[in-house]
Amino acid sequence: FANATTVRNNNSSRFGKFVRVYVDPLSGCVASATVDHYLLEKVRVVDQNEGERNFHVFYQQTWGRGQNPKRWRLLTRGAKTDAQGVDDAADWDATKL
């Protein structure tokens, strides 16, 4: 859900991961690990750079419901509502499954 079109990449992941590795002090071996997932660009929801899109799922949802994303201000801030080679309505159908 957190991929977006940027000026460099049509399907850029906006996710981040932080891995904590716990080492047993006696043996020096890995005892366990945890992974924290987070969204890198929360600001993208309300503002995009020129030529970029918001998160794909917003366009998928609007086209999937038969609406044009150009109606929504948060989806037109970057002046780009489509992505080359992407069928947002079809992707929404696949996402709903």
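Bear in mind the structure is a predicted one, so any value in this text is a computation, not a measurement.

Overview of unusual backbone geometry
- Of note in the backbone geometry, Ala-79 takes a positive phi value of approximately 65 degrees without being a glycine.
- Tracing the chain through its elements places Ala-79 in the loop between α1 (56–64) and α2 (88–96).

Structural notes on the packing of aromatic side chains
- Throughout the structure, instances matching the rule amount to one aromatic pair.
- Centre to centre, the rings of Phe-55 and Phe-58 are 6.3 Å apart; their planes meet at 65 degrees, and the pair counts as edge-to-face.
- The class of Phe-55 is buried, set by a relative accessible area of 4%.

Focus on the confidence of the model for the protein
- Across the protein, the average pLDDT comes to 84, with 96% of residues at or above 70.
- Per-element averaging of pLDDT across the protein places strand β2 (residues 12–13) at the bottom with 71 and strand β4 (residues 30–39) at the top with 91.

Some thoughts on the side chain of Arg-53
- Of note, Arg-53 is situated in the loop between β4 and α1.
- Look at Arg-53 and you get buried, because its relative accessible area is 0%.
- Within the structure, Arg-53 has its side chain in polar contact with the backbone oxygen of Thr-81 (distance 3.0 Å).
- Excluding residues that lie within four positions of it along the chain, Arg-53 makes contacts with Ala-4, Thr-5, Arg-44, Gln-48, Tyr-59, Lys-80, Thr-81, Asp-82, Ala-83 and Asp-88.

So, the pattern of salt bridges
- Within this structure, the stated rule accounts for two salt bridges.
- Between Arg-20 and Asp-36 there is a salt bridge, with its nearest N and O atoms 2.4 Å apart. Residue Arg-20 is located in strand β3 (residues 15–23), and its partner Asp-36 is located in strand β4; the two are separated by 16 residues in the primary sequence.
- Judged by its relative accessible area of 34%, Arg-20 is partly exposed.
- Classification of Asp-36 as partly exposed rests on a relative accessible area of 30%.

Concerning α1
- Listing the buried residues of α1 in full gives His-56, Val-57, Tyr-59, Gln-60 and Thr-62.
- Buried positions along α1 lie against β1 (3–4) and α2.

Details of a nonpolar patch on the surface
- Residues Val-19, Val-21, Val-23, Val-30 and Val-35 make up a contiguous nonpolar surface patch of roughly 430 Å² in combined accessible area.
- Elements with a contribution of two residues or more to the nonpolar patch: β3 and β4.
- Per element, the largest residue contribution to the nonpolar patch is three residues, and it comes from β3.
- With respect to the helices, strands and loops of the structure, Val-19 is situated in strand β3.

What counts and how
- Residues numbered from 1 in each chain as written.
- Predicted model: local features only at pLDDT ≥ 70, side-chain atom pairs only at ≥ 80, totals over all residues.
- Heavy atoms only, no water.
- Helix = DSSP H or I, 4+ residues; strand = E, 2+ residues; numbered from the N terminus.
- Phe/Tyr/Trp six-rings, centres within 6.5 Å; stacked < 30°, edge-to-face > 60°.
- Buried < 20%, exposed > 50% of the residue type's maximum accessible area, 1.4 Å probe, protein only.
- pLDDT = per-residue confidence, 0-100.
- Polar contact = N/O pair within 3.5 Å; in protein donor to acceptor, adjacent residues only side chain to side chain.
- Contact = heavy atoms within 4.5 Å.
- Salt bridge = Lys/Arg side-chain N within 4 Å of Asp/Glu carboxyl O.
- Patch = residues over 30% accessible without salt bridge, like charges linked within 9 Å, V, L, I, M, F, W, Y side chains within 5 Å.
- Areas by Shrake-Rupley, 256 points an atom, 1.4 Å probe, with all protein chains shown as cover.

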